[in-house]
Structure formats: C-alpha cells, structure tokens
Amino acid sequence: MAKQPSGVMDAIVSLCKRRGFVFQASEIYGGVGNTYDYGPLGVELLRRVKDAWWTRMVQERRDVVGLDSAIIQHPQTWVTSGHVGGFSDPLIDNKTSKQRYRADHLIEEKVAKYRKKGRDKDADALQAKLNASLGDNAALRALIDEAKIKCPVSGTDDWTDVRQFNLMFKTTIGPVDTGDNIAYLRPETAQGIFLNFKNVLESSRQKPPFGIAQIGKSFRNEITPGNFVFRTREFEQAEMEFFVPPAENDHWFEYWKSARLQWYIDLGIDPGKLRLRDHDADELAHYSTGCTDVEYEYPFGWGELEGIACRTDFDLKRHSEASGTDLVYFDPQTKERYTPYVIEPAGGINRIALTCLIDAYEEEQLEGDVRTVLHLHPRLAPITVGVFPLVKKGGMAERADELEQELRRAGLATFYDEKGAIGRRYRRQDEVGTPFCVTIDGDTLEKGTVTLRHRDSMEQETLPSGELVAAIRERIDAWTRPERKA
Ligand code: ATP
C-alpha cells in the first residue's frame, strides 16, 4: 500500500530543508516573507526543470527561438503594457487582528467552503458575483459583507475599505532618486519579448507562425502568503510568445493547450491530477479572446501551474503606438502587412519544481517499515546515481571512487557515499529521488560486475561495470511513472 499523507505539504517543506532543496531566505536574520533560497539539490532540480522546458519549447523546434532580455527595461514599457495603471491586487485589512488580505482571495475561500459543503449553487452564485466585482473596490467590499466573511485570525468582520496595491517593485536608475528616474523590476518576462519582436524577426529569418521563448526572474510584491514556494516575491518564469497570422489564432490556441498539458504528463506528473480549465468570459483581460490554465490538484486544492493566453495583437499594437516603431509583419509572398496575434504559454519554474516534488512524494508502506521516496522523473532528479562501496576495506572504496569519476565524466550526476549500512544509504537516496544506486562489492574486484539498484521497484540487477553508463542511459529513456495506489 502506498500513500501520500494528508500533511504532505509539511512533509515536503521539512524534507526540502533537511536535505538541502529549499531554505528560508535570510534565515539567520529571521527570514524575508515569501522569499526562499535553493540549496545544492534544489538548484539542480530547478536547472533540470528549465532544461526540460527549453528542450521541448526551443531545442526540439524549428519555429521557436530563445531570448534573454533585461530585468529592468525602459519604464515606459510598463506604462504601455498596462502594469503601472492596472497590475494591482485588491487589499483589505482587518482592524482587530491588523492582518492584511487579498479581498478576492477571501471571497474565493468562501466559495471553496461552499463547495466542500456541497452547496454548489451558493458557490456558483458567489463566484459569479466575484467575477463581476473584480476591479471595483466598492463592489468587492460590499461582497465581503454580503458573504459574511470573517477574519480567519480575529474572527471579526471589522474590515477596512478595499484598496488597490500595485505589485511592481520600484527602483531608480542611477545613484540618486530624483523622482523622474523610477524604474521597475519586471513583473513578467513577456514584455521583453514584445520589445524585441522586430529585432528577432529581422535577425533570425523567422516568419509567423513562430515563437520567442524566455526563462528568467520576475518580481511581484505579493501580499498574501503562498503555500511555500507556490507564490513568492521573486520567481522564475518560462514564457513563450507565439506570433501567428490572426486567422490561425484558434488553431494554435488549441495546439498549445494540448502540447503544454502533454509536457507535464511527460515530466511524470499524475495525469489524474492535471486538468485544463478555461477561463470564463468575465475572467479574461479585455483584449483577450481566451485563456486556459493548466491546473494541478495540490494538497491545498486545484491551482494554476501555467496559463495559456490569447493576447491578440494588443501588446504589439500598444508598443507600436507608444514607441513610434512599427511592429507589423510584412509577408513578402502575399504582400500582406499585419500585426500578428499572440498565443502565450506562461509557467513558473519554481511552481513546476514544487509540483514535481509534491507529485513524486510517497510514504510507501513496507512490511514493518515506511519508505519515504520521491518518484521524480530520472531526468529531473538532482542526483542520477548513488555510488557505494559495500564496505570501505579491501580495495572497494578505491574502485568505487574510480567508477564514480567515470560516471561523472560521462555526464551523470553522482553522489559518493561510504558511510553506514547499505540499506540506509539506499534510503537516503530514495528520499531525494535518486533513481539509481550502484554498489561495488567483492564481485566487482573479482569479476568486474556491479549491482544496479532501482529506486521505484527496489529491484537489483548485476551488470559488468563497463556496461553501466549505457545501461543507466537506457533505463532513463525507458522510465515510466510507477503505478501507485492513492
Ligand atoms: P496567479 O493567479 O497564481 O497569481 P497569474 O495568473 O498572475 O498567477 P501569470 O501572470 O499568468 O500568473 O504568470 C504565469 C505563471 O507564473 C503562473 O502560472 C505561475 O506558474 C507563475 N507565477 C506567477 N506568479 C507567481 C508567484 N508569485 N510565485 C511563483 N510563481 C508565480
């Protein structure tokens, strides 16, 4: 029997700290809210998630190219994109507890409560009212009263008015703050792509339909706490703007929805916990003709992993008007000039990494024992092979050391461990998702064979050490998600 315990988030947070995936940022100074550092294993996991995304989105395709644009762009960028005027959250304070909340989140929590109690009609009605009230502070405030929402800390309904709070981090360009040199840390990577549309078009010989992809840090001054690294103030985004002739918009929207869902399945995530959720018309930005989220069923409920949005020609047109640079495409064959429409798959690397950890986590019931194991896809696992001499003596440690060097030279991520009982060494690797362990024993010295042990099945096989690299590569390629009982 296998299970994911109900306290899986607590278990993941504790595992991440204990084994060096994620630490609280500035921990020795008491930490910074919603900000984390990634330790030795965490940084490897992030790198592998980014590699998997880049491989699928850029390297395997002829019609997508990459970009790495600056975090601080011309401040006008964010005026034109609408972020200076509109990228804000509705905040409300409880006067008794002095706690601050996002008003829309409080209402969403009430909707979820109704659903849990089977009061679907009430849930639908409240959700509809919320959608109609977004962007209207007075209407949101009235809805908080109407839904009789109380502060989760003080239990009172002693609320302030709702105010809008812009999520962009401000800084200044140059050493002195003169008031007219304000700049912003980018809240999304997408705008850097739009600003470079013409540069890329002219330098890369692409023509619509084609995409520009980028992975990089984004910053949002998020107010509400965020389920560990699910919502943080700085995070890495993976975004791709796919520029298409307007008539092909619907075709490519459908294409990217299914391509993006498939990528998560190929990463080994449980397809039963993934879904595509189309936004209702009243959830869409005014310029958007459609948006679908890839969602995952987290221990705290369904949440967005990635959004796939139809941005139409909104961004390119606005930047053309504001900058005076013509961002249209001229098709030399049809002699047609048009502003391409854009389909944007946008995901968060940290959120994807967290999702992989949650989905891979299992406390497996063995006879009289519980095994903590991460069934990560071998391509995502921070360590690919654990290398152990059965005992330190008799030349086994030296041979194991040599073999580990060989594996490293072959490009495999290894971890050498000669301490403690072999069973405990296996378990330490299971807990961080290492898919393979190799044990060097007396037979290695006599016959040149090693034992290859598999994380998911715990099965062992004996191989000539010279075949090890090829065998591991083959098993990585052949890996499939092990069946697990819920
Ligand atoms: P949310 O509704 O969760 O705030 P969003 O719809 O504002 O997200 P987008 O602007 O579409 O998010 O960003 C694309 C992706 O970036 C999200 O799907 C998510 O994976 C990631 N992301 C957004 N905000 C954060 C954050 N504060 N922390 C971590 N990842 C984030």
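Residues numbered from 1 in each chain as written. Predicted model: local features only at pLDDT ≥ 70, side-chain atom pairs only at ≥ 80, totals over all residues. Heavy atoms only, no water.

Give a detailed account of the sheet that holds strand β24 (residues 460-464), specifying residues and quantitative values.
One open sheet holds the five strands; their spatial order is β21-β20-β22-β23-β24, and the pairing between them is mixed. The sheet terminates laterally at β21 (414-416) and β24, the two strands that pair on one side only. Strand after strand, the sheet turns through a mean of 25 degrees between neighbouring axes, direction not considered. Relative to strand β23 (residues 449-454), strand β22 (residues 436-440) runs antiparallel, the two being bridged by four bridges. Bridge pairing links T439 to T451 in β23. Across the sheet, helix α14 (residues 422-431) is in contact with β20 (385-389), β21, β22, β23 and β24; its angle to β20 comes to roughly 165 degrees. (Pairing = 2+ DSSP bridges. Helix = DSSP H or I, 4+ residues; strand = E, 2+ residues; numbered from the N terminus. Axes fitted to C-alpha atoms, helices over the stretch in contact; angles between N-to-C directions. Contact = heavy atoms within 4.5 Å.)

Summarise the side chain of D331; cite the residues concerned and give the values.
Mapped onto the elements of the fold, D331 is located in strand β15 (residues 329-331). There is no salt bridge for the buried D331, and the closest opposite charge comes from K207, which lies 4.4 Å off by N-O distance. For D331, the contacting residues outside a window of four places in its chain are K207 and E336. (Buried < 20%, exposed > 50% of the residue type's maximum accessible area, 1.4 Å probe, protein only. Lys, Arg positive; Asp, Glu negative; His and termini not counted. Salt bridge = Lys/Arg side-chain N within 4 Å of Asp/Glu carboxyl O.)

Explain the sheet that holds strand β6 (residues 100-102) to me, and be specific about the residues and the numbers.
Read from one edge of the open sheet, three strands run β6-β5-β7, paired in antiparallel fashion. Edge positions in the sheet fall to β6 and β7 (163-166), since each of these pairs with one other strand and no more. When strand polarity is set aside, the average angle formed by the axes of neighbouring strands in this sheet is 45 degrees. Strands in contact with helix α5 (residues 103-116) are β5 (88-93) and β6; relative to β6, the strand with the most contacts, it is inclined by about 70 degrees.

Before we move on, could you go through the side chain of Q206 and cite the residues and values that matter?
With respect to the helices, strands and loops of the structure, Q206 is situated in the loop between α9 (197-204) and β10 (210-219). For Q206, a relative accessible area of 15% puts it in the buried group. From its side chain, Q206 meets the backbone oxygen of R62 in a polar contact 3.2 Å long. In this structure Q206 touches R62, D63, V65 and L201, once residues within four positions along its chain are discounted. (Polar contact = N/O pair within 3.5 Å; in protein donor to acceptor, adjacent residues only side chain to side chain.)

Talk me through the nonpolar core; I want residue IDs and the actual numbers.
Across soluble globular proteins, nonpolar side chains show a tendency to be buried alongside one another. Of all hydrophobic cores here, the largest spans 55 residues; its most connected members are I12 and F21. Counting residues per element, this core draws most heavily on helix α12 (residues 349-360), which supplies eight residues. In this structure, F21 is in contact with L15, C16, D37, Y38, G39, L41, G42, L45, L357, L374, P382 and V432, ignoring residues within four places of it in sequence. (Core = buried A, V, L, I, M, F, W, Y, C linked by side-chain atoms within 4.5 Å.)

How would you summarise the packing of aromatic side chains if you had to cite specific residues and measurements?
One pass over the structure, following the stated rule, counts 19 aromatic pairs. Centroid distance W53 to W54: 6.3 Å. Interplanar angle 45 degrees. Geometry classified as tilted. Take W54: its relative accessible area is 30%, and that puts it in the partly exposed class. Their ring planes at 80 degrees and their centres at 5.8 Å tell us that Y101 and W159 sit as a pair that is edge-to-face. Pair noted here: Y101 is in strand β6 and W159 is in the loop between α7 (137-146) and β7, with a separation of 58 residues, a long-range link. Y101 gets classed as buried once you look at its relative accessible area, which sits at 13%. Ring-pair connections join several aromatic residues into one group, and the members of that group are F194, F197, F210 and F243. The residue whose ring lies beneath R275 is W302, and the NZ or CZ to ring-centre distance is 4.1 Å. (Phe/Tyr/Trp six-rings, centres within 6.5 Å; stacked < 30°, edge-to-face > 60°. Lys NZ or Arg CZ within 6 Å of the ring centre and 35° of its normal.)

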